[in-house]
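As a plain string of letters, each chain reads:
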Amino acid sequence: MSITKEQKLKHSVYSTARKISREVGTSLGMEFEPDVLDLIAELSWRKLTLYASDLEAFQKHAKRSTVTSDDVKLLVRRNDSLKELMEEKLRAIQDNKAPTDPAPKKKRKASSIS
């Protein structure tokens with residue numbers, strides 16, 4: 001039986017969600033039961049799946065073939081802290097990009113009319 005890309009991705013999300021939950025619990029002096037970690041992992045997977053569907057819908061509505069930062073801004077518009085974080089990251093990405101000079105235009109040879 002072959003494992004699909006979706007199954008691999010789901011496993012990765014589950015593992016990461018459990019790990020982060022344990023780390024947060026440790027920092028707060030809490031411990032989570034295994035069932036709770038599984039529930040947090042499942043909720044994370046479902047939320048990410050919903051986000052992916054929404055981003056795809058925004059991209060298709062705009063008649064584009066790729067998801068842009070504008071789609072992500074639309075996705076997080078109701079979550080102020082997430083919107084602020086996303087805008088901060090976007091600014092950092094834009095600041096790190098070196099300005100590029102446009103390609104020099106080729107001069108047309110003047111035709112000599114005699």
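First, a word on what this report is: a plain description of the structure on this page. (Residues numbered from 1 in each chain as written. Predicted model: local features only at pLDDT ≥ 70, side-chain atom pairs only at ≥ 80, totals over all residues. Heavy atoms only, no water.)

## Section: helix H1 (residues 5-27)
An α-helical turn contains 3.6 residues, so any two residues separated by three or four positions project in the same direction.
Right, on to step 1. Taking 1.5 Å of rise per residue, 23 residues should cover 33 Å, and H1 covers 33 Å from first to last C-alpha, within 8% of that figure.
Right, on to step 2. Looking at H1, one finds that the buried residues are Val-13, Tyr-14, Ala-17, Ser-21 and Gly-25.
Right, on to step 3. Where H1 is buried, its residues touch helix H2 (34-61).
Right, on to step 4. Within two residues after H1, Gly-29 carries a phi angle of roughly 75°, on the positive side. (Helix = DSSP H or I, 4+ residues; strand = E, 2+ residues; numbered from the N terminus. Expected span 1.5 Å × (residues − 1). Buried < 20%, exposed > 50% of the residue type's maximum accessible area, 1.4 Å probe, protein only. Contact = heavy atoms within 4.5 Å.)

## Here's the deal with the packing of H1 against H2
Right, on to step 1. Relative to each other, H1 and H2 sit at 130°, their axes nearing to 8 Å. Judged by the inter-axis angle, H1 sits oblique to H2. Judged by the twist between their axes, the crossing of H1 over H2 is right-handed. Across the interface between the two elements, Glu-6, Leu-9, Lys-10, Val-13, Tyr-14, Ala-17, Arg-18, Ser-21 and Arg-22 from H1 touch Leu-37, Asp-38, Ile-40, Ala-41, Glu-42, Ser-44, Trp-45 and Leu-48 from H2. (Axes fitted to C-alpha atoms, helices over the stretch in contact; angles between N-to-C directions. Parallel < 35°, antiparallel > 145°, perpendicular 65-115°, else oblique. Left-handed = near helix turned anticlockwise from the far one by under 90°.)

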